[in-house]
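Structure at a glance
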Amino acid sequence: MAALGSASLPTIIRKRLSGGLDEGHRALLRGAVTAVTIATLLLSWGSAMHRVPANEPVLYDAWQNLTLAYNLAHHGVLSLSQDSARLSPSNMREPLPVAFLALHMASVEAIYGAMTLEQYQKGLGSGRLKASNVFWAALLAYAVFASIVLLSGSVVLAGVGTWFTNLAVLEYLNKLLTEPQAAAILTLACYVSVLALSRQHVLYFGLAGVCFGALALTKVAGFYVAIVLVCLLLGWSLWQLGWPTEARFVRLPSVIVFALGFAFTVGPWMLRNYVLLDSKGIVDNRATIVLMVRAAKNNMSWAEYRGSFFVWAPNELLRRAASALLGFSDADLNRGERLQRVNRASNSDYYASDLEAARAGRPQDAISFRFRTSAERKKIMRELVAQGYSRIAAESELQRRAIRQILGDPIKHLAMTVAFLWRGAGVIFPVLGIVACFAVRVRRADLIVYLLPALGLVLFYALVTHFLPRYGDPMVPVSIVGGLVLSHAVLRQWINRE
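Residues numbered from 1 in each chain as written. Predicted model: local features only at pLDDT ≥ 70, side-chain atom pairs only at ≥ 80, totals over all residues. Heavy atoms only, no water.

What about the nonpolar core?
What counts here: The definition of a nonpolar core used throughout is a set of buried Ala, Val, Leu, Ile, Met, Phe, Trp, Tyr and Cys residues joined through side-chain atoms within 4.5 Å. Type-normalised accessible area, obtained with a 1.4 Å probe on protein chains alone, sets the label of each residue: buried when under 20%, exposed when over 50%, and partly exposed for intermediate values. Only DSSP runs of H or I covering at least 4 residues are called helices, and only runs of E covering at least 2 are called strands; the numbering of each starts at the N terminus. Residues count as neighbours in contact if any of their non-hydrogen atoms are within 4.5 Å of one another.
One finds Leu 66 and Tyr 450 to be the most contacted residues of the largest nonpolar core, which totals 114 residues. At 13 residues, the largest contribution of residues to this core is made by helix α9 (residues 179-199). Aside from chain neighbours lying at most four places away, what touches Leu 66 is Val 58, Leu 101, Met 105, Leu 117, Tyr 120, Gln 121, Leu 129 and Leu 176. Counting residues in each nonpolar core, the second largest holds 10 residues, with Leu 291, Met 292, Ala 394 and Ile 406 among its members.

Put into structure tokens, the structure is as follows:
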């Protein structure tokens, strides 16, 4: 600490914010912040991994990821079948997290010996598999730290932002869901995009395309956002053709390299799906049930619409505020009450009967939007298959019906989009929006480019899905980076006026 001389830490930080810190103190501060950040992250990851029992069962979406990874690691086939003698290829889930999990599973078994699928679901193997999430947490920490340094120049702010981001993703360390992977890859893609535009080198554009391809193979929504980005970059580059070469922000060859990087990443998987499954997308028709649920919820009554802002409040504080403002309470979620159809909680007094109705394909016996739609899908699928439709054709027909229903009343659909933004991004969207407006106002192109993919994902989920809260979690790191960069810029402006 002798190198600090007589300067106190607050003085050093103030000098750093005002740009007055000499190079020696800067190097010392960078090293200290980096070391403290790494140490605290390692401690928090270790604590989080031991906080939940290692043998906590793997269920629902995580169970599908686990089954696919197990079959890939043991039989070389991405399949959801639990019968090793009858494995059929599947594209039910995005492949990148599954492939990484299978690789980690192979390394675990190389050390501890072979395990059964049941041991991974309920036994000690579950905890060993969840350790793979530390890699994604580390990649996310790097991407956030590097992003804040690039956008603000402040290593102290980078340490703070990395820690806040870590707190936001800790809950996923003990789950086999794909949110931590998506958060890490999205943040890295945003960081590399800014690097590409600032350094104007085609290799960085190619790397950015690969990152967005990886995002699409982790969350299929990333595919559509990347396509929009390619179109925007292409339009911008064509518009700039009449400009002087040195003034061009995006050059056409760079856009082509970006698109090629993206295509070469997602292309092999899409080709596999087309050849093996006659499917033209990245994943199976999971979009069918999502679109049907969204179309069904567009038919909410006015009371249910208002009540959705209470039911879907992003946190307990906002939930209490919505309750006081709108006049709803938990009692309204019970059977026979005005918000019974909006309730999807497993502790409701009709959850069991709704679940049974969904499994049996009896929509008339289900109450909630969630299970009534699931039952409706199963019932109509049976009818279409009986009429001679293939399963893929039946899924496509259901999608067309849901889309027609949505397009039949676009005003109501947009009104529901507001409610779904509240549900999945009630805090994230305002932060991203405020920072984006600031970036436009002060012409911070780097910050606009950084935020754009996350904003695109938020709007995609709000427009075409029922935007479950966890869908928005991968965009939290980008919103944290944006919020801190904005705060830093405002603080520096205030200091410079002193």
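Things to note about the confidence of the model for the chain
Stated formally: Along the chain, pLDDT gives the predictor's confidence residue by residue, from 0 to 100.
On average, residues of the chain score 87 in pLDDT, and 91% of them are at 70 or above. Note that residues 1-9 has pLDDT below 50 and, in this model, 6 contacts with residues that lie over four places away or in other chains.

Notes on a nonpolar patch on the surface
The condition is simple: Put simply, a patch holds well-exposed residues, over 30% relative accessible area, that have no salt bridge, with like charges counted together within 9 Å and Val, Leu, Ile, Met, Phe, Trp or Tyr side chains within 5 Å. Note that accessible areas follow from Shrake-Rupley with a 1.4 Å probe, and for residues the cover is restricted to the protein chains shown. We define a salt bridge as a contact between a side-chain nitrogen of Lys or Arg and a carboxyl oxygen of Asp or Glu at a distance within 4 Å.
Taken together, the side chains of Val 160, Trp 163, Phe 164 and Leu 167 define a hydrophobic patch exposed on the protein surface, amounting to about 340 Å² of accessible area. The residue Leu 167 is located in helix α8 (residues 155-169) in this model.

Here's the deal with the pattern of salt bridges
Under the criterion given, the structure shown has 15 salt bridges. Among the charged side chains, a salt-bridge network with shared partners connects Asp 61, Arg 93, Glu 179, Lys 219 and Arg 470.

Considerations on a positive patch on the surface
Defined as follows: Neither His nor the chain ends contribute to the count of charged residues, in which Lys and Arg are positive and Asp and Glu negative. Charged side chains are reduced to one point each, which is NZ for Lys, CZ for Arg, CG for Asp and CD for Glu.
A cluster of basic residues, Arg 359, Lys 378, Lys 379, Arg 382 and Arg 391, forms a positive patch on the protein surface. Ranked by residue count, the leading element in the positive patch is helix α17 (residues 369-386), at 3 residues. On the secondary structure map, Arg 359 appears in helix α16 (residues 351-360).

A word on the environment of Leu 72
Checked against the element boundaries, Leu 72 lands in helix α3 (residues 60-75). According to the relative accessible area criterion, Leu 72 is partly exposed, its value standing at 26%. It is 9.8 Å that separates the C-alpha atoms of Leu 72 and Met 105, two residues lying 33 residues apart in sequence. With residues up to four places along the chain from it excluded, the contact list for Leu 72 reads Val 77, Leu 78, Val 98, Ala 99 and Ala 102.

Brief notes about the side chain of Asn 298
As for its position among the elements, Asn 298 is in the loop between α13 (287-297) and α14 (302-311). Excluding its chain neighbours within four sequence positions, the residues that come into contact with Asn 298 are Ile 406, Lys 412, His 413 and Met 416.

Here's the deal with empty space enclosed by the protein
The condition that has to hold: Both cavities and pockets are sets of points on a 1 Å grid over the protein atoms alone; in a cavity a 1.4 Å probe fits but cannot get out, in a pocket the set is open with protein on both sides within 12 Å along at least five of seven lines, and lining residues sit with an atom within 4 Å of a point. Grid points are joined across faces, edges and corners, and a volume is the space filled by probe spheres set on the points.
Throughout the structure, instances matching the rule amount to 4 cavities of 30 Å³ or more. Its boundaries defined by the atoms lining it, the largest cavity holds a volume of some 80 Å³. Contributing to the lining of the largest cavity are 13 residues, with Pro 97, Leu 101, Leu 176, Leu 177 and Gln 181 lying nearest its centre. Of all the secondary structure elements, the ones that give two or more residues to the lining of the largest cavity are α4 (95-112) and α7 (133-152).

A word on the packing of helix α19 (residues 410-425) against helix α20 (residues 428-441)
Going by this rule: Helix axes are fitted to C-alpha atoms over the stretch in contact, other axes to C-alpha atoms as well, and angles between N-to-C directions run from 0 to 180 degrees. Any angle from 65 to 115 degrees is called roughly perpendicular, while one under 35 is roughly parallel, one over 145 is roughly antiparallel, and all others are oblique. Throughout, the ten residues Ala, Val, Leu, Ile, Met, Phe, Trp, Tyr, Cys and Pro are labelled nonpolar, Asp, Glu, Lys and Arg are labelled charged, and all others, Gly among them, are labelled polar.
Here α19 crosses α20 at 100°, and the two axes come no closer than 7 Å. What the angle tells us is that α19 and α20 run roughly perpendicular. Judged by residue contacts, Leu 421, Gly 424 and Ala 425 of α19 engage Ile 428, Phe 429 and Pro 430 from α20. Broken down by class, the residue content of the contact of α19 with α20 amounts to 5 nonpolar, 1 polar and no charged.

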